[in-house]
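# Structural description and commentary
Residue-level listing of the chains:
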Amino acid sequence: MTNFSKEDRNRVVRKPERGQYDKSVIYPIIDEALICHVAFVVDGQPYVIPTLHARDGDDLLLHGASTSRLIEHAGAGNPLCVAITHMDALVLARSIFNHSVNYRSAVLFGRGQLVESPEEKNRALEAFTERLMPGRWYDAREPNAQELKATGVVRMPIDLASAKVRTGSPKDDAEDMGLAVWAGLVPVRTTYGQPIGAPDLQPGTPVPAYLREFLTQRNG
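Below: a short report on this structure. (Residues numbered from 1 in each chain as written. Predicted model: local features only at pLDDT ≥ 70, side-chain atom pairs only at ≥ 80, totals over all residues. Heavy atoms only, no water.)

Before going further, it helps to examine helix α5 (residues 209-219). For α5, the set of buried residues is Tyr-210, Leu-211, Phe-214 and Leu-215. Axial view of α5: buried residues confined to an arc of 140°, hence all on one face. Those residues of α5 that are exposed and angled more than 90 degrees off the buried face are Thr-216 and Gln-217. In the segment just after α5, Gly-220 is the residue with positive phi, at about 75°. (Buried < 20%, exposed > 50% of the residue type's maximum accessible area, 1.4 Å probe, protein only. Helix = DSSP H or I, 4+ residues; strand = E, 2+ residues; numbered from the N terminus. Arc of directions from axis to C-beta.)

What follows is the structure, encoded as structure tokens:
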């Protein structure tokens, strides 16, 4: 199945023409982001937690301290709602009312499943590390048994999802087109700075090749 079904939970109501339900649109939004926001309710109190994530096929992986509220609640099979957003440009219109931003967002729904197997947990941590910095898992020390025990991993099969995307120029009203006001787009881009070694780095330790390649790819 390449599309998520359109149901009350994931249906885009405001500006429905911007709504998309195809995995080929939603999954790249997930994969490009480093941080997601996970919403859940405990004893009637809503919480939203920002956290790192990774995708494994049709599943979202989350991790944190094994005793954290998020991991304990999600690992018990409770429902979760996850939001991810990229802002691509400021949209400056001739009128204040028509200002906007170009964005790509995704909202995911599912229930958490606690990952108990040390082997599967280790694979999940590899996925997190490689999402953060490709090549790092094979360079740094892997987690030991105590560190694995202290880390909780939750797998959330993505039951429903939708994306909402705005692209293009300002949409000014006809009566405003003659105003002598600049209108257009201000692109927004994430860039990475030059690596700063730790103060206690052993002398002569080089910046790894995978990090230099990462910076070249991301910064152009």
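Taken together, the side chains of Leu-34, Ile-35, Leu-52, Leu-132 and Tyr-192 define a hydrophobic patch exposed on the protein surface, amounting to about 400 Å² of accessible area. Take Leu-34: it is sitting in the loop between α1 (23-32) and β2 (35-42). Since its relative accessible area comes to 32%, Leu-34 is described here as partly exposed. (Patch = residues over 30% accessible without salt bridge, like charges linked within 9 Å, V, L, I, M, F, W, Y side chains within 5 Å. Areas by Shrake-Rupley, 256 points an atom, 1.4 Å probe, with all protein chains shown as cover. Salt bridge = Lys/Arg side-chain N within 4 Å of Asp/Glu carboxyl O.)

Below, the discussion takes up the packing of aromatic side chains. Per the stated rule, a full pass over the model turns up three aromatic pairs. Here Phe-4 and Tyr-27 contribute two aromatic rings whose centre-to-centre distance is 6.3 Å and whose plane-to-plane angle is 70°, an arrangement assigned as edge-to-face. Of this pair, Phe-4 sits in the segment before β1 (19-20) while Tyr-27 sits in helix α1, and the two are 23 residues apart along the sequence. Its relative accessible area of 5% is what places Phe-4 among the buried residues. The ring of Phe-4 is capped by Lys-23, whose NZ or CZ atom sits 5.3 Å from the centre of that ring. (Phe/Tyr/Trp six-rings, centres within 6.5 Å; stacked < 30°, edge-to-face > 60°. Lys NZ or Arg CZ within 6 Å of the ring centre and 35° of its normal.)

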